[in-house]
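# Per-entry structural report
What follows is the residue order along each chain.
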Amino acid sequence: MVQIYNDYKDHADFLTVYVREAHPTDEWQMKSNVKDDVCYAQPKTLAQRVAIANDFIKRFNYPIAFGIDDINNAANDAYAAWPERLYVIDESGRIAYRGGMGPFHYDPDEVRAWLAARYGAVKHDPPPAASSAPVASLGSPK
Amino acid sequence: MTLFWKWTIAVFLVLLLAAFLVLCKMAGSPKDAYGMVRYAFPHMHRGTLKVGDDAPDARLVALDGSDHFHIRERTGGRPLVIIFGSYT
């Protein structure tokens, strides 16, 4: 998503909303998170959620505007967002694109296609060979 | 036990086993299948929003942990791409 942001930030606004953790240590932890040293318990307080969000921002030098869902999960509930989902809201405040539920139906290329249809495609060279850099759900370079 | 009930139970068990194997395949392992059922399914919701609906509002907290803003404050001028997700 960062690449899409860089390609279209002059045309559209971007907002990341951090919602409840998908694979915390005290729930369904993934081996990949242990390998990448992304090990957090499910936040029980807003302060814990804010702390994890800041860790994420610092680790990836994340450039996209960021908001944190309150501990009552209001944004998550309103948008059926968990574990990850993409939306595009148009200028009139209506939903113009609603992505599928992640991770299986989370597809940044659909957002890119929506933006490309409006503002033109931005082409890139093919990506280099697979990197060993850690991959976070919000930090995917796609 | 009648033959009917024996077959019914057998078919049920086979379907149960098949569902478990599919979950293991999707999740990666039996442990992950348990995690998916126990922790993921209860929080996965399709929701009712569809293209053309008014975007719901919600209050978000800024990274400093004290300031707040609303999603709808960010809409109106240009299209807004919203990326929902977490660290893990």
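Scoring rules and cut-offs
Residues numbered from 1 in each chain as written. Chains lettered and ligands numbered in written order. Predicted model: local features only at pLDDT ≥ 70, side-chain atom pairs only at ≥ 80, totals over all residues. Heavy atoms only, no water. Contact = heavy atoms within 4.5 Å. Buried area = accessible area lost by both parts, 1.4 Å probe. Salt bridge = Lys/Arg side-chain N within 4 Å of Asp/Glu carboxyl O. Polar contact = N/O pair within 3.5 Å; in protein donor to acceptor, adjacent residues only side chain to side chain. Helix = DSSP H or I, 4+ residues; strand = E, 2+ residues; numbered from the N terminus. Pairing = 2+ DSSP bridges. Phe/Tyr/Trp six-rings, centres within 6.5 Å; stacked < 30°, edge-to-face > 60°. Buried < 20%, exposed > 50% of the residue type's maximum accessible area, 1.4 Å probe, protein only. Lys NZ or Arg CZ within 6 Å of the ring centre and 35° of its normal.

Moving on to the interface of chain B and chain A. Between chain B and chain A, the contact holds 46 residues from the first and 78 residues from the second. Contact with chain A buries surface across chain B, with Phe 84, Tyr 87 and Thr 88 of chain B losing the most and accounting together for 19% of the total. Remark: the boundary between chain B and chain A carries 3 salt bridges. Arg 94 of chain A is the partner of Asp 54 of chain B in a salt bridge, and the nearest nitrogen-oxygen pair spans 3.3 Å. Seen at the junction of chain B and chain A, the total is 36 residue pairs in polar contact (both at pLDDT 80 or more). For the side of chain B that touches chain A, the secondary-structure elements that each account for two or more residues are α1 (3–27), α2 (30–40), β1 (59–61) and β3 (80–85) of chain B. Here 2 bridges tie strand β2 (residues 66–69) of chain A to β1 of chain B, and the two strands are oriented antiparallel to one another. If you follow Asp 69 of chain A over to β1 of chain B, its bridge partner there is Leu 60 of chain B.

On to the packing of aromatic side chains. All told, the structure shown has 13 aromatic pairs over all chains when counted by the stated rule. Look at Phe 60 of chain A and Tyr 87 of chain B: their rings are 6.1 Å apart centre to centre, the planes differ by 75 degrees, and that puts the pair in the edge-to-face class. Separated into two different chains, Phe 60 of chain A in helix α3 (residues 46–60) and Tyr 87 of chain B in the segment after β3 make up a pair that spans both. Its relative accessible area of 24% is what places Phe 60 of chain A among the partly exposed residues. Taking the relative accessible area as the measure of exposure, Tyr 87 of chain B reaches 3% and is therefore buried. Between Tyr 62 of chain A and Phe 66 of chain A, the ring centres sit 5.9 Å apart and the planes meet at 85 degrees, which makes this aromatic pair edge-to-face. Through successive ring pairs, a cluster of aromatic residues spans Tyr 18, Tyr 40, Phe 56, Phe 60, Tyr 62 and Phe 66 of chain A together with Tyr 87 of chain B. Over the ring of Phe 69 of chain B we find Arg 74 of chain B; its NZ or CZ atom is 4.0 Å from the centre of that ring.

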